[in-house]
Amino acid sequence: MRTQVAIIGGGPSGLMLSQLLHLKGIATVVLERQSREYVLSRIRAGVLEHGFAELMREAQCGERMDREGEIHEGFFISDNGAMRRVDLHKYSGGSSVVVYGQTELTRDLYEARDRMNGKVIHNAEDVQPHDLKSANPYVTYRMGDEIIRIDCDYVIGADGFHGVSRKSIPRDVLKEYEKVYPFGWLGVLSRTKPVSPELIYAKHERGFALCSLRSQVLSRYYIQVPLSDTVEDWSDEKFWDELKRRLPADVAERLITGPSIEKSIAPLRSFVAEPMRYGNLFLAGDAAHIVPPTGARGLNSAASDIYYLYHAMVAHYKNGDDSGLDNYSAKALARVWKAQRFSWWMTTMLHTFPDSLAYDQKLQDTELAYLFSSEKAQGSLAENYVGLPF
Ligand code: APR
Ligand code: PHB
């Protein structure tokens, strides 16, 4: 088999790039190691930057997002019970975000691939890129006992943090930057009416909490928990009680609880791998970078990688212009590090850090006090949250 762009990973990054390139007549094959059902069973992010929403529309996948997604023009930050609103619309010059589940947009991308007879191969085992520094790279994968080879011009590593692509870059070439936080997020999905029409980021001495949503009948809540905790430590009742303790009293009072239909704990880490290109391999999305979810940047950082790769590949195949490919890593990383900074800032400001100095806690309080005392500080938060320009 031969294609122009072989994409490893059938998550949002890989599917979005495949769809965008197909619309420009550029052939791709997506190799996903899991089944489609498994990929669509994951509960992930829920806030889309303006730029991501635009990409979905350009990929002809935005119709359900525009119909079912919610436009949010602000969110709340509560600080040990006192709640204040960040006006994204006012401080970002009129922009907003779309609240729409990653699971749903991944479903939309799969359905668009089906409509266009896109090649997405599931249950592809032992995917391996080869000859990345040559002009004739290829990818192999196993299906049962058969090893299949796909010759291509380029390989896209969209296979997430635990994928094979980043590990295909020699250790003496790859530089990794990592920061691990001393806590995790326990997340619950429940078929209940959301407690607030807009998100609430709650700073509390007992720990951080977040009230989010997927629709008006599907709520998503998180509480910060120690890394030693397991899901088994948290019954639904214990979760709801703890969440209420971290919210303003009037919010806690009106919280509608219900059975969890998904419950999981995710550790928080900041991670960047450089460079994002090695020969004819290009890394995109979680394969190259991870952020703590506090700033809702994970999926949105993948979006700018895909945007840059999409335009670079079109310039190459349509105009013989390789400047986009040559500049990809530097350009993508410049925006990735700004998302890293913002995610670190939001995480540091809102969480309780075990063993933190009293001085650091005063700095946290001052960070919030300064934020709400300065329109320029709120403007900085807003421009990062709605999404810096691609
Ligand atoms: N071979 C083939 N596919 C693989 C391999 C492999 N060796 N390793 C991983 N994959 C697949 C995974 O099963 C997954 O479906 O690659 C896909 C990567 O998807 P994501 O992890 O969702 O990463 P990405 O597409 O970059 O999307 C980033 O996902 O994890 C969230 O918070 C993150 O919202 C962000 C978004
Ligand atoms: C979510 O709804 O899952 C969500 C929203 C905002 C965040 C993180 C997670 O900052």
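Everything that follows concerns the structure shown earlier in this document.
Conventions adopted
Residues numbered from 1 in each chain as written. Chains lettered and ligands numbered in written order. Predicted model: local features only at pLDDT ≥ 70, side-chain atom pairs only at ≥ 80, totals over all residues. Heavy atoms only, no water. Buried < 20%, exposed > 50% of the residue type's maximum accessible area, 1.4 Å probe, protein only. Helix = DSSP H or I, 4+ residues; strand = E, 2+ residues; numbered from the N terminus. Pairing = 2+ DSSP bridges. Core = buried A, V, L, I, M, F, W, Y, C linked by side-chain atoms within 4.5 Å. Contact = heavy atoms within 4.5 Å. Near = heavy atom within 4 Å. Polar contact = N/O pair within 3.5 Å; in protein donor to acceptor, adjacent residues only side chain to side chain. Areas by Shrake-Rupley, 256 points an atom, 1.4 Å probe, with all protein chains shown as cover.

A. Structural context of the pairing of strand β15 (residues 209–215). Burial within β15 is extensive, with 6 of its 7 residues counted as buried. What sits between the antiparallel neighbours strand β14 (residues 200–203) and β15 is a turn of 5 residues, in which Gly207 has the positive phi angle 135°. Note that β15 and strand β16 (residues 218–225) share 6 bridges and pair antiparallel. Following the sheet pairing, Ser212 is matched in β16 by Arg220.

B. Region of the structure containing the nonpolar core. Formed by 71 residues in total, the largest nonpolar core has its most connected members in Met16, Leu31 and Ile156. Per-element accounting of this core gives the leading share, 9 residues, to helix α9 (residues 298–319). Apart from residues lying up to four places away in sequence, Ile156 is in contact with Val5, Ala6, Ile7, Ile8, Leu17, Leu281, Phe282, Ala284, Leu309 and Met313. Membership of the second largest hydrophobic core comes to 32 residues, among which are Phe75, Leu199, Leu210 and Met349.

C. Just the site of ligand 1, in detail. Around ligand 1 lies a shell of 24 residues, among which Glu32, Arg42, Arg44, Gln102 and Asp286 are the nearest. Contacts to ligand 1 include Pro12, whose backbone N or O atom sits 3.4 Å from an oxygen atom. Here an oxygen atom of ligand 1 sits 2.8 Å away from a polar atom, N or O, in the side chain of Ser13. If ligand 1 stood free it would expose 710 Å²; the protein chains cover 90% of that surface. Secondary structure elements with two or more residues in the shell around ligand 1: α1 (12–23) and α9.

Purely geometric stuff here, so don't read any function into it on its own.
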